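These are the residues of each chain, in order.
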Amino acid sequence: MPHRVHLLTIEAPHADPVRLPDLVDAAGIGAVRVDHARTAALAVDLLGRHFYDAALVDLERDEGSGVEAVRHLCERFPHLAVVVLTGGGDERTADAAIAAGAQDALAAHALGAAM
């Protein structure tokens, strides 16, 4: 049986959830499960109870520094591939998140265009 990819999105409480299932279907990736966390605390709880292959972190979250959240996730869950989502394609913030341990950064408008 093929491995099912398990993704976690960590987004601001006021944000519309990124439509990752739609993107995955359009890309023809296959068996993917996507869970959503509205806070960093909920994300840590989920990561402590379930295995995730990757997390997509919204750097525009209200509850503090998104870069610090990335650093914390990467230190606490070193197996986790972390990709950050920047609101306006801010390269400095994306670079800081990658320096904090994220594997890559995507501009939010790029995801919107892909849908």
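Structure shown above.
Just so we're clear, the structure is a prediction, and the values are computed from it rather than from any experiment.

Rules used in this analysis
Residues numbered from 1 in each chain as written. Predicted model: local features only at pLDDT ≥ 70, side-chain atom pairs only at ≥ 80, totals over all residues. Heavy atoms only, no water. Helix = DSSP H or I, 4+ residues; strand = E, 2+ residues; numbered from the N terminus. Buried < 20%, exposed > 50% of the residue type's maximum accessible area, 1.4 Å probe, protein only. Polar contact = N/O pair within 3.5 Å; in protein donor to acceptor, adjacent residues only side chain to side chain. Contact = heavy atoms within 4.5 Å. Pairing = 2+ DSSP bridges. Arc of directions from axis to C-beta.

J.: Any details on the side chain of His 6? Residues and values, ideally.
T.: As for its position among the elements, His 6 is in strand E1 (residues 5-10). Classification of His 6 by relative accessible area gives buried; the value is 10%. Here the side chain of His 6 touches Arg 33 through a polar contact of 3.5 Å, side chain to side chain. A distance of 2.9 Å separates the side chain of His 6 from the backbone oxygen of Phe 51, its partner in a polar contact. In this view, His 6 contacts Arg 33, Asp 35, His 50, Phe 51, Tyr 52, Asp 53 and Ala 54; residues no more than four positions away in its chain are not counted.

J.: Account for the pairing of E1, naming residues and giving values.
T.: Extensive coverage of E1 is indicated by the burial of 5 of its 6 residues. Bridge count for E1 against strand E2 (residues 32-37) is 6 bridges, and the pairing is parallel. Bridged to Leu 7 within E2 is Val 34. As paired elements, E1 and strand E3 (residues 54-58) share 4 bridges and run parallel to each other.

J.: A description of helix H2 (residues 40-49) should follow, citing residues and the corresponding values.
T.: Those residues of H2 lying buried are Ala 43, Val 44, Leu 46 and Leu 47. In an axial view of H2, the angular spread of the buried residues amounts to 165 degrees, which keeps them on one side of the axis. Opposite the buried face of H2, at more than 90 degrees from it, the exposed residues are Ala 41, Gly 48 and Arg 49. Buried positions along H2 lie against E1, E2 and helix H3 (66-76).

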